[in-house]
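# Residue-level structural notes
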Amino acid sequence: ATPLRADREIVLAAVQQNGYALEYAATPLRADREIVLAAVQQNGYVLAHAAAALRADREIVLAAVQQDGYALQDAAAAFRADREIVLAAVQQNGDALPFSSMLLRADREIVLAAVQQNGDALPFSSMPLRADREIVLAAVQQNGNALGYAATPLRADRQIVLAAVQQNGNALEYAATPLRADRQIVLAAVQQNGNALEYAATPLRADRQIVLAAVQ
């Protein structure tokens, strides 16, 4: 009932149990600092339902992104350039990287933290960092398909490609041509995912051991 949505005690108890309840709270209570803080601590994503003034409250935003890094998208714009907040966000969810400032997407520590949590964050980093060997290796170890966003020279790096296909065999698609003819790499790829056979060099698609590994 509408009166209950404006009852502070009820709303506070509700958001402590399920942060999503903030969405249904009366407008004045979405501007109540204690209620919003409790809500985002339980579910950071509900920052979107807080009053604008509280989306500009640093303590609330930090609590929200620590619980769900994706909450960065709903924080006041200034926080996208706040290094501590962005770092906390990407450590919780690497997918938060696109919501950070361009300057921070070129910050090595932030990007490394993001790709370690989710390799899919690699394409949102600056171009120089996509050519950073340590960052790309961390990304493909978490998600092999991140190889597709690596700088061209790193797609020809044997250690990186091997790590990528061990995590996801289909990453073989993004490997440099000579490495698609590398027997060890192709074998590792098809052992992880038999469908990767289609990306192997033609001679290896006729290799009995590799084909057997692919179909097993």
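Above this text you will find the structure in question.
In this text the structure is predicted, and so the values were computed from the model without any measurement. (Residues numbered from 1 in each chain as written. Predicted model: local features only at pLDDT ≥ 70, side-chain atom pairs only at ≥ 80, totals over all residues. Heavy atoms only, no water.)

### As for helix α9 (residues 183–192)
Every buried residue of α9 is listed here: I185, V186, L187, A188, A189 and V190. Taken together, the buried residues of α9 touch α8 (158–167) and α10 (208–215). For α9, the capping residue at the N-terminal end is D182, with a side-chain oxygen 3.1 Å from the backbone nitrogen of Q184. (Buried < 20%, exposed > 50% of the residue type's maximum accessible area, 1.4 Å probe, protein only. Helix = DSSP H or I, 4+ residues; strand = E, 2+ residues; numbered from the N terminus. Contact = heavy atoms within 4.5 Å. Polar contact = N/O pair within 3.5 Å; in protein donor to acceptor, adjacent residues only side chain to side chain.)

### A look at the environment of A201
Its location among the elements puts A201 in the loop between α9 and α10. Separated by 22 residues in the primary sequence, A201 and L179 have C-alpha atoms spaced 8.7 Å apart.

### Examining the pattern of salt bridges
One pass over the structure, following the stated rule, counts 13 salt bridges. A salt bridge links E109 to R83, with the shortest nitrogen-to-oxygen separation between them at 2.6 Å. Of this pair, E109 sits in helix α6 (residues 108–117) while R83 sits in helix α5 (residues 83–92); the two residues are 26 residues apart in sequence, bridging distant segments of the chain. We classify E109 as partly exposed; its relative accessible area is 44%. Through salt bridges with shared partners, a single network forms among R8, D32 and E34. (Salt bridge = Lys/Arg side-chain N within 4 Å of Asp/Glu carboxyl O.)

### Examining the environment of T177
Examined against the element boundaries, T177 turns out to sit in the loop between α8 and α9. Among the residues examined, T177 registers a relative accessible area of 63% and is labelled exposed.

### Some thoughts on the packing of α5 against α6
Orientation of α5 relative to α6, taken along the N-to-C sense of each, is 20 degrees, at an axis distance of 7 Å. Considering the angle they form, α5 stands roughly parallel to α6. Seen along the crossing, α5 lies across α6 with a hand that is left-handed. In this structure, α5 uses R83, V86, L87, V90, Q91 and Q92 to contact α6, whose residues at the interface are E109, I110, A113, A114 and Q117. Here the contact of α5 with α6 is composed, by residue class, of 6 nonpolar, 3 polar and 2 charged. (Axes fitted to C-alpha atoms, helices over the stretch in contact; angles between N-to-C directions. Parallel < 35°, antiparallel > 145°, perpendicular 65-115°, else oblique. Left-handed = near helix turned anticlockwise from the far one by under 90°. Nonpolar A, V, L, I, M, F, W, Y, C, P; charged D, E, K, R; others polar.)

### Thoughts on the packing of aromatic side chains
For the structure shown, the criterion picks out 2 aromatic pairs. Seen in terms of ring centroids, Y70 and F99 are 5.1 Å apart; in terms of plane orientation they differ by 90 degrees. Their pairing is edge-to-face. Of the two residues, Y70 sits in the loop between α4 (58–67) and α5 while F99 sits in the loop between α5 and α6, which places them 29 residues apart along the sequence. Taking relative accessible area as the criterion, Y70 reaches 29% and is therefore assigned partly exposed. (Phe/Tyr/Trp six-rings, centres within 6.5 Å; stacked < 30°, edge-to-face > 60°.)

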